[in-house]
Amino acid sequence: MAGVENGSDRRGRGNIRRRGGSLQVRVYAGVYPVTGKEIYLSETVPGTDKAAYRRADKVMTKL
């Protein structure tokens, strides 16, 4: 099981993307049972520096 050693089997928690002067954190939250649409939770973190990415990572964990 080579994938286990390098951590490649770990599921992603979500993603962080740059949106202008801030970062948007998006996390998949499942499927809405009535409509079948995918649900994403999102939150915006101001700034794009290294500290903002650390804050965004904490927000992703919270979501």
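These numbers were taken from a predicted model, which means no experiment stands behind them.

**Overview of the overall build of the chain**
Argument step 1. Along its length, the chain carries 2 helices and 3 strands.
Argument step 2. Counting from the amino terminus, the chain carries its helices and strands in the arrangement α-β-β-β-α.
Argument step 3. When the 63 residues of the chain are sorted by exposure, 17% land in the buried category.
Argument step 4. Taking contacts inside the chain between residues at least 6 apart in sequence as the whole, the part at least 24 apart equals 35%.

**Points about the confidence of the model for the chain**
Argument step 1. Model confidence for the chain is summarised by a mean pLDDT of 87, while 84% of its residues fall at 70 or above.
Argument step 2. Note that pLDDT drops below 50 for residues 1-5; the model gives that stretch 3 contacts with residues more than four away or on any other chain.

**Focus: helix H2 (residues 50-62)**
Argument step 1. Under the 1.5 Å per step criterion, the end-to-end length of H2 is 19 Å for 13 residues, consistent within 8% with the ideal 18 Å.
Argument step 2. Every buried residue belonging to H2 is among Ala 52, Ala 56, Val 59 and Met 60, and all of these are buried. All buried residues of H2 project into a common sector of 100° when viewed along the axis, lining one side. Set apart from the buried face of H2 by more than 90 degrees, the exposed residues are Lys 50, Arg 54, Lys 58, Thr 61 and Lys 62.

The rules we used
- Residues numbered from 1 in each chain as written.
- Predicted model: local features only at pLDDT ≥ 70, side-chain atom pairs only at ≥ 80, totals over all residues.
- Heavy atoms only, no water.
- Helix = DSSP H or I, 4+ residues; strand = E, 2+ residues; numbered from the N terminus.
- Buried < 20%, exposed > 50% of the residue type's maximum accessible area, 1.4 Å probe, protein only.
- Contact = heavy atoms within 4.5 Å.
- pLDDT = per-residue confidence, 0-100.
- Expected span 1.5 Å × (residues − 1).
- Arc of directions from axis to C-beta.

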